[in-house]
Amino acid sequence: MEQVLFFAAAIGALGGAIGVVAMRNPFYGVLALIVHLFSLAVLFLLLTSAFVAAAQVVVYAGAVMVLYVFVVAYVGSGTESAWEPIPGQRFLAPLMGVALFVELSIAVIASSLLALGSRGPDVKAGFGDPAAIGNLLLERFLIPFEAASILLLLAAVGAVVLAGQRHGPGEGLTGSSSEHSAPEARSEGVPVGQSPGGSA
Amino acid sequence: MSATTWAWLVLLFPLLGSIAIGLGFRALPTRAAGAIGTASIALAFVCGVATLIVLLGEDPDARHHASSLWDYASAAGLDIKLGIFVDPLSVFMVLVVTGVSTLIHLYSFGYMESDEGYHRFFSYLNFFVFSMLLLVLAGNFVLLIVGWAFVGFASYALISFWYRRATATKAGIKAFVINVVGDIGLVLAAILIFRELGTFEYEAVFAKAPEVFSVNEWTVTAICLLLLVGAFAKSAQLPLHTWLPDAMEGPTPVSALIHAATMVTAGVYLIARTHALFLLAPTAADIAAFVGLATLLVAGSIALVMTDLKRAIAYSTMSQIGYMVVGVSIGAYSAGMFHLMTHAFFKALLFMAAGSIIAAMANNQNIDEMSGFGKAMRFTSITFVCGGLALAAFPATSGFFSKDEILAYAHARGGMYDIFWVLGYVGALLTAIYTFRLVFRVLPGAPCKEAQELIDSGHVVHAEPRNPASGEVEDADVGFPGAEHHIAEQSWPMRAAMAILAFLALFGGLVQVPGIDDAITRFLDPVFADSALAAIQPSVGASWVGLGIGAVISLAGIGIAYYAYIVRPELPATLIERLRPVYTLLVNKWYFDELIDILVVRPALAIGRFANQTFERIVVDGIVTGTTDTVRGAGGIVRFVQSGFVRSYALLLVAGFAGLALYFLLSTS
Amino acid sequence: MNIEWYVVLSSLLFAIGAMGILIRRSPIVILLCLELMLNAGNLALVAFSRMVGNQDGQIFAIVVMVVAACEVVVGLGLIVAIFRRRLPLDIDELRELRG
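Each value, and the rule that gives it
Residues numbered from 1 in each chain as written. Chains lettered and ligands numbered in written order. Predicted model: local features only at pLDDT ≥ 70, side-chain atom pairs only at ≥ 80, totals over all residues. Heavy atoms only, no water. Helix = DSSP H or I, 4+ residues; strand = E, 2+ residues; numbered from the N terminus. Buried < 20%, exposed > 50% of the residue type's maximum accessible area, 1.4 Å probe, protein only. Contact = heavy atoms within 4.5 Å. Areas by Shrake-Rupley, 256 points an atom, 1.4 Å probe, with all protein chains shown as cover. Salt bridge = Lys/Arg side-chain N within 4 Å of Asp/Glu carboxyl O. pLDDT = per-residue confidence, 0-100. Buried area = accessible area lost by both parts, 1.4 Å probe. Core = buried A, V, L, I, M, F, W, Y, C linked by side-chain atoms within 4.5 Å. Polar contact = N/O pair within 3.5 Å; in protein donor to acceptor, adjacent residues only side chain to side chain. Axes fitted to C-alpha atoms, helices over the stretch in contact; angles between N-to-C directions. Parallel < 35°, antiparallel > 145°, perpendicular 65-115°, else oblique. Nonpolar A, V, L, I, M, F, W, Y, C, P; charged D, E, K, R; others polar. Expected span 1.5 Å × (residues − 1). Patch = residues over 30% accessible without salt bridge, like charges linked within 9 Å, V, L, I, M, F, W, Y side chains within 5 Å. Phe/Tyr/Trp six-rings, centres within 6.5 Å; stacked < 30°, edge-to-face > 60°. Lys NZ or Arg CZ within 6 Å of the ring centre and 35° of its normal. Pairing = 2+ DSSP bridges. Left-handed = near helix turned anticlockwise from the far one by under 90°.

*Asks:* If you had to explain the overall build of chain A to someone new, which residues and values would you point to?
*Replies:* Each helix and strand in chain A was counted, giving seven helices and zero strands. Start at the N end of chain A and walk to the C end: the helices and strands fall as α-α-α-α-α-α-α. Split into buried and exposed, the 200 residues of chain A put 35% on the buried side. A sequence separation of at least 24 residues applies to 55% of the contacts in chain A between residues at least 6 apart. A total of about 10,900 Å² of accessible surface is found on chain A, and carbon and sulfur atoms cover 71% of it.

*Asks:* Mind laying out the overall build of chain C, listing which residues take part and the relevant values?
*Replies:* When its secondary structure is counted, chain C shows three helices and zero strands. Along chain C, helices and strands appear, N-terminal first, in the series α-α-α. The buried share among the 99 residues of chain C stands at 65%. Once local pairs closer than 6 in sequence are excluded, the contacts in chain C between residues at least 24 apart make up 56%.

*Asks:* Would you mind going over the pattern of salt bridges in detail, with residue names and values included?
*Replies:* Residue and element names in this part refer to chain B. Inspection of the entire model under this criterion finds 21 salt bridges over all chains. A salt bridge links aspartate 593 to lysine 174; the shortest N-O distance between them is 2.9 Å. Of the two residues, aspartate 593 is situated in helix α26 (residues 592-639) and lysine 174 in helix α6 (residues 166-197); the sequence distance between them amounts to 419 residues. With a closest N to O distance of 3.7 Å, arginine 311 and aspartate 246 form a salt bridge. Here arginine 311, found in helix α14 (residues 309-330), pairs with aspartate 246, found in helix α9 (residues 243-246); they are 65 residues apart in sequence, far enough to count as distant. Summarising the burial analysis for this pair, arginine 311 and aspartate 246 share the class buried.

*Asks:* Run through the confidence of the model for chain A, naming residues and quoting values.
*Replies:* Detailed reading of the predicted model is not advised wherever pLDDT is low. All names here are of chain A. Counting all residues, the mean pLDDT for chain A is 82, and 82% of those residues have values of 70 or more. Ranking the elements of chain A by mean pLDDT puts helix α7 (residues 177-187) last, at 45, and helix α2 (residues 26-46) first, at 95. Note that residues 171-200 has pLDDT below 50 and, in this model, 38 contacts with residues that lie over four places away or in other chains.

*Asks:* I'd like a rundown of the interface of chain C and chain A, residues and numbers included.
*Replies:* The parts lose accessible area when they come together, and the size of an interface is often stated as this lost area. Facing 74 residues of chain C, the contacting portion of chain A comprises 96 residues. The largest contributions to the chain C side of the interface with chain A come from Met1(C), Arg50(C) and Arg84(C), which together make up 10% of the buried area. Close ionic contact of Arg140(A) with Asp56(C) constitutes a salt bridge, the shortest N to O distance being 3.1 Å. Breaking the side of chain C that touches chain A down by element, the ones donating at least two residues are α1 (3-23), α2 (27-52) and α3 (56-84) of chain C.

*Asks:* Just give me the short version of the nonpolar core, but keep the residues and values in it.
*Replies:* With 215 residues, the main nonpolar core has Phe128(B), Phe141(B), Met337(B) and Phe373(B) as its most contacted residues. Residue contributions to this core peak at 20 residues, all from helix α15 (residues 333-360) of chain B. Leaving out residues up to four positions away in the same chain, Phe141(B) has contacts with Ala190(B), Ile193(B), Phe200(B), Tyr202(B), Val205(B), Phe206(B), Leu227(B) and Thr274(B). Core analysis: the next-biggest nonpolar cluster, separate from the first, contains 80 residues, Leu116(A), Ala18(C), Met51(C) and Val80(C) among them.

*Asks:* An account of the interface of chain A and chain B is requested, with residue identities and associated values reported.
*Replies:* Each partner contributes residues to the interface: chain A has 11 residues there, and chain B has 11 residues. Overall, the association of chain A and chain B removes approximately 1,100 Å² of surface from exposure, summing both partners, and the carbon and sulfur fraction of that is 76%. At the boundary of chain A and chain B, one finds one salt bridge. Notably, a salt bridge pairs Arg647(B) with Glu84(A), separated by 2.7 Å at the nearest N-O pair. At the surface where chain A touches chain B, the tally comes to two residue pairs in polar contact (both at pLDDT 80 or more).

*Asks:* So, the confidence of the model for chain C: which residues are in play, and what are the values?
*Replies:* For chain C, per-residue confidence averages 91 on the pLDDT scale, and 99% of positions sit at 70 or higher. For this predicted complex, the interface confidence reaches an ipTM of 0.93, while the overall pTM sits at 0.70.

*Asks:* Describe the packing of helix α1 (residues 3-23) of chain B against helix α2 (residues 30-56) of chain B, listing the residues and the values that go with them.
*Replies:* Residue and element names in this part refer to chain B. Relative orientation of the contacting elements α1 and α2 amounts to 175 degrees, with a least axis distance of 8 Å. Our classification of the angle between α1 and α2 gives roughly antiparallel. Split into classes, the residues belonging to the contact of α1 with α2 amount to 17 nonpolar, five polar and no charged.

*Asks:* Tell me about the side chain of Thr521(B), residues and numbers included.
*Replies:* All names here are of chain B. Tracing the backbone shows threonine 521 in helix α22 (residues 519-524). Threonine 521 gets classed as buried once you look at its relative accessible area, which sits at 13%. Those residues in contact with threonine 521, other than ones at most four positions away along the chain, are Ser334, Glu405, Gln512 and Gln537.

*Asks:* Pulling in residues and values, what's your account of α2(C)?
*Replies:* Helix length check: α2(C), at 26 residues, gives a terminal C-alpha distance of 37 Å against a target of 38 Å (1.5 Å per residue), a fit within 8%. Looking one or two residues beyond α2(C), the residue adopting positive phi is Gly53(C), at roughly 105 degrees.

*Asks:* Tell me about a nonpolar patch on the surface, residues and numbers included.
*Replies:* All names here are of chain B. On the surface, a nonpolar cluster with roughly 800 Å² of combined accessible area is contributed by Phe153, Tyr156, Ile173, Phe176, Val177, Val180, Ile184, Val187, Leu188 and Ile191. Taken together, the elements giving at least two residues each to the nonpolar patch come down to α5 (141-159) and α6. A per-element tally of the nonpolar patch places α6 first, with eight residues. You can see valine 187 is positioned in helix α6. With a relative accessible area of 32%, valine 187 lands in the partly exposed category.

*Asks:* Give a detailed account of the packing of aromatic side chains, specifying residues and quantitative values.
*Replies:* Counted according to the given criterion, the structure contains 28 aromatic pairs over all chains. Geometrically, the ring pair formed by Phe121(B) and Phe161(B) is edge-to-face, given 5.2 Å between the ring centres and 75 degrees between the ring planes. Note that Phe121(B) is positioned in helix α4 (residues 118-137) and Phe161(B) in the loop between α5 and α6, a separation of 40 residues in sequence. The residues Phe121(B) and Phe161(B) share a single accessibility class, namely buried. One aromatic cluster is present, formed by Tyr118(B), Phe121(B), Phe122(B), Phe161(B) and Trp162(B) through successive ring pairs. In this structure, Arg95(C) is placed above the aromatic ring of Phe645(B), and the distance from its NZ or CZ to the ring centre is 4.0 Å.

*Asks:* Which residues make up the side chain of Ser255(B), and what are the values?
*Replies:* Counting through the fold element by element, Ser255(B) comes out in helix α10 (residues 252-261). Not counting the four nearest positions on each side in its chain, Ser255(B) is found in contact with Ala247(B), Met248(B), Gly250(B), Ala260(B), Lys310(B) and Phe351(B).

*Asks:* Before we move on, could you go through the pairing of strand β1 (residues 65-73) of chain B and cite the residues and values that matter?
*Replies:* Looking along a regular strand, one sees side chains alternate from face to face of the sheet. Judged from the six bridges that link them, β1(B) and strand β2 (residues 80-86) of chain B form a sheet pairing that is antiparallel. Pairing of His65(B) across the sheet is with Val86(B), part of β2(B).

*Asks:* A description of the packing of helix α18 (residues 398-413) of chain B against helix α23 (residues 540-567) of chain B should follow, citing residues and the corresponding values.
*Replies:* Residue and element names in this part refer to chain B. Here α18 crosses α23 at 120 degrees, and the two axes come no closer than 9 Å. In this view, α18 runs oblique relative to α23, as classed from their interaxial angle. Judged by the sense of rotation from one axis to the other, the crossing of α18 with α23 is right-handed. Of the residues in α23, those touching α18 at Phe400, Phe401, Asp404 and Ala408 are Ser543, Gly546, Leu547, Gly550 and Ala551. For the contact of α18 with α23, the residue count by class is five nonpolar, three polar and one charged.

*Asks:* I'd like to hear about the environment of Ala157(B), residue by residue, with values.
*Replies:* Looking at the element boundaries, Ala157(B) is found in helix α5. Taking C-alpha positions, Ala157(B) is 9.4 Å from Phe176(B), a pair spaced 19 residues apart along the chain.

*Asks:* Would you mind going over unusual backbone geometry in detail, with residue names and values included?
*Replies:* A cis geometry characterises the amide bond from Leu238(B) onward to Pro239(B), with omega recorded as -10 degrees. Counting through the fold element by element, Pro239(B) comes out in the loop between α8 (218-235) and α9. Of note in the backbone geometry, Thr48(A) takes a positive phi value of approximately 50 degrees without being a glycine. Positive phi, close to 55 degrees, is recorded for Lys589(B), a residue that is not glycine. Note on placement: Lys589(B) falls in the loop between α25 (580-587) and α26.

Structure, rendered in structure tokens:
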């Protein structure tokens with residue numbers, strides 16, 4: 001049973017990943033990533049990490065991906081040009097990817113870390129439960145927890161500043177856009193980029 | 001006071017005079033500079049006489065003192081002191097130098113009066129006398145080299161005294177460069193001496209030399225040959241003589257002092273001083289003698305055709321120094337020094353008289369345009385004739401006794417040295433001919449335009465100032481000769497100096513008449529006592545025979561000149577036509593200038609051009625700009641990595657990571 | 001399933017994400033690939049946490065998620081700002097920082 005679930009989730013994850021990379025339309029890429037994230041959540045469950053799986057679904061697939069959807073909807077899904085300006089990139093990129101995978105796999109499979117070959121030790125019943133995670137967060141990992149909160153605050157402020165309203169003409173590669181962007185900027189009253197998740 | 005104290009004072013006064021005039025030239029009125037200059041040399045002469053007196057009061061064998069003021073360098077095996085050496089030879093030279101210098105300063109007092117650079121002249125002249133005295137009084141080779149170099153500099157400064165004349169500066173540079181060649185020889189000789197004998201001090205060197213060197217060993221021969229290079233450069237012997245005729249660009253007092261009486265005799269002094277080394281290297285001594293002989297004859301032959309009055313006298317100087325070099329090289333030390341003294345008298349006198357005549361000609365030095373000054377300038381012509389008689393070794397003049405003493409010695413030594421005896425007389429004949437050629441061309445005859453003006457009005461001609469060599473017009477400002485020309489008849493300092501020298505030129509030889517007195521030989525005896533050669537003395541009879549032959553030759557020469565220039569004046573022109581190739585050779589000064597140009601100057605210039613155009617441009621610039629170009633090129637190549645493409649950066653990142661992982665995989669497996 | 005499988009899967013996902021970044025030109029898709037890589041890392045962390053037997057790895061994975069969220073926020077803010085200025089949303093065109 002476990003193997004079936006593993007392979008199903010693995011195929012889902014791989015499929016989602018390949019979908020993100022291959023799809024021309026970024027909106028479809030976002031959807032592929034959502035599939036990928038759900039598959040990963042299943043894999044987390046298989047590894048008795050219930051809280052992480054839940055967080056993955058709620059936070060990642062739920063909030064972050066929604067943010068992506070908003071932005072893609074705003075920006076539009078323009079396709080990329082086919083011509084490659086960097087010579088050799090189209091050839092070297094898959095090569096590098098393959099090399100990376102091969103090396104990492106060799107590192108793992110030929111590792112002298114024998115525990116990799118097992119299924120892990122037997123764990124207690126509450127392994128990976130929210131209670132256990134919560135305890136750890138507030139006791140041993142309090143400082144990383146608080147640091148992560150501050151980081152979220154910074155990100156939120158940064159996003160507001162970055163995408164906020166600009167008074168005056170904006171610069172563009174095309175000079176004629178200066179008149180355009182000024183009324184554009186003023187009419188875009190809604191600040192995009194509200195912080196999706198207030199707390200992790 | 002001791003002899004060395006007086007000797008230090010001899011050095012002090014000219015130096016003080018030079019510094020005082022040099023620093024205070026703005027404050028001093030014109031004649032004051034001249035007075036200070038002359039007075040300081042006169043004081044030096046007085047101190048020289050005092051040194052002589054003290055020295056004569058001592059036992060002959062004890063008449064050598066070394067005295068030092070402080071140590072220059074006493075480390076690493078060196079022991080160089082600022083020290084002088086007082087012995088009969090140096091005192092002799094001191095007296096000759098200071099005595100003749102005083103008279104020349106007196107002469108310049110009047111001659112340079114209208115020159116804008118009057119103060120500069122006396123400062124330089126005093127400095128020159130100081131350096132010459134330093135050279136002769138030096139007690140070790142290092143101080144000798146210092147004095148030698150200072151003298152070279154003073155000569156350069158004085159030759160190019162009228163520095164805005166292009167010909168003068170070129171001549172000054174030529175003299176200086178050739179002198180530097182001599183300096184190199186001298187310095188190398190000093191280095192070798194130190195390496196072999198471990199010391200620079202004269203007394204130690206000359207005492208140790210016979211113990212360390214065997215006769216004709218290559219080291220001592222090399223030392224002597226290098227010393228000869230120095231001596232020949234300074235004394236204008238072949239082949240380093242080409243600077244002396246050009247040095248006549250300097251003012252006449254400079255020619256009189258430096259290039260007749262003092263500086264050019266420094267080489268002779270050097271050979272005499274280091275005679276102990278030359279005794280150990282007879283080959284070098286013989287080479288020196290033959291070079292002197294060659295110079296004697298070549299210079300004499302050139303003087304026969306020279307039309308520039310001062311240059312003719314310059315070649316005469318070269319020839320007479322050839323006699324002196326022969327003298328001190330073959331062992332006739334005191335005879336050589338005696339001739340040095342008498343030559344100083346009559347050559348300085350000749351230059352002074354020539355200066356007076358040239359002034360009357362408004363700085364024109366061409367004897368083709370001079371005639372009849374015998375009537376126009378009585379005093380000058382009388383002194384000129386006195387000097388000429390002495391130079392031509394007319395019987396009973398000073399030059400007569402000194403020149404024939406050298407030749408008598410050569411005969412007494414015999415063997416190969418009879419060549420010097422015979423050719424010496426040939427040279428004497430040439431000397432008499434060319435001297436009286438000058439006398440008979442310039443003095444008798446119908447007065448030329450300038451002489452006529454003198455006779456009529458007593459005024460010196462005021463022609464437009466011109467460079468006598470190139471003919472270009474000059475003004476009378478600083479760096480050029482002054483506006484007025486001063487002749488002896490109108491200037492009492494000039495007359496006084498010339499009168500004294502005329503007296504000495506005529507009667508100065510009476511101190512050393514063979515068989516009657518030999519004051520100079522006796523005086524210089526202790527210096528040369530260690531030389532076996534000095535013991536060879538011609539017998540009195542042989543000396544008088546030599547004197548007789550000399551008298552005959554001198555009169556014959558004067559007679560030939562009289563015949564050629566007075567009786568049959570068209571004879572020289574016919575001879576020139578008949579012997580045109582010989583004449584061309586002589587007029588071109590035996591092509592020495594051209595030879596040196598081809599052998600030395602052109603290669604040096606070619607090397608300089610090569611260094612500038614090729615080496616500098618390709619190698620040095622190549623290294624410098626090549627480095628910058630390489631760096632810039634490398635930067636240009638590396639710059640391509642910064643393309644601005646994020647994806648290529650990412651690619652490099654991933655590639656780097658993959659490489660790193662590969663490395664770790666390989667290193668741990 | 002052995003832990004090995006999970007880790008190899010994670011490295012495969014990581015390689016796919018890396019390749020995606022190198023190939024795609026739209027900034028949004030690049031950010032998505034970045035998410036892929038981060039999640040692959042998360043998977044590896046959780047797998048190792050299971051292997052070791054304590055939950056430190058899971059905490060780490062949670063913090064990674066927080067970081068990823070922040071980074072997405074800022075990145076998307078940038079993309080919106082670029083879009084607002086009428087610049088082409090193509091990272092090959094946005095190359096003023098070049099040598």
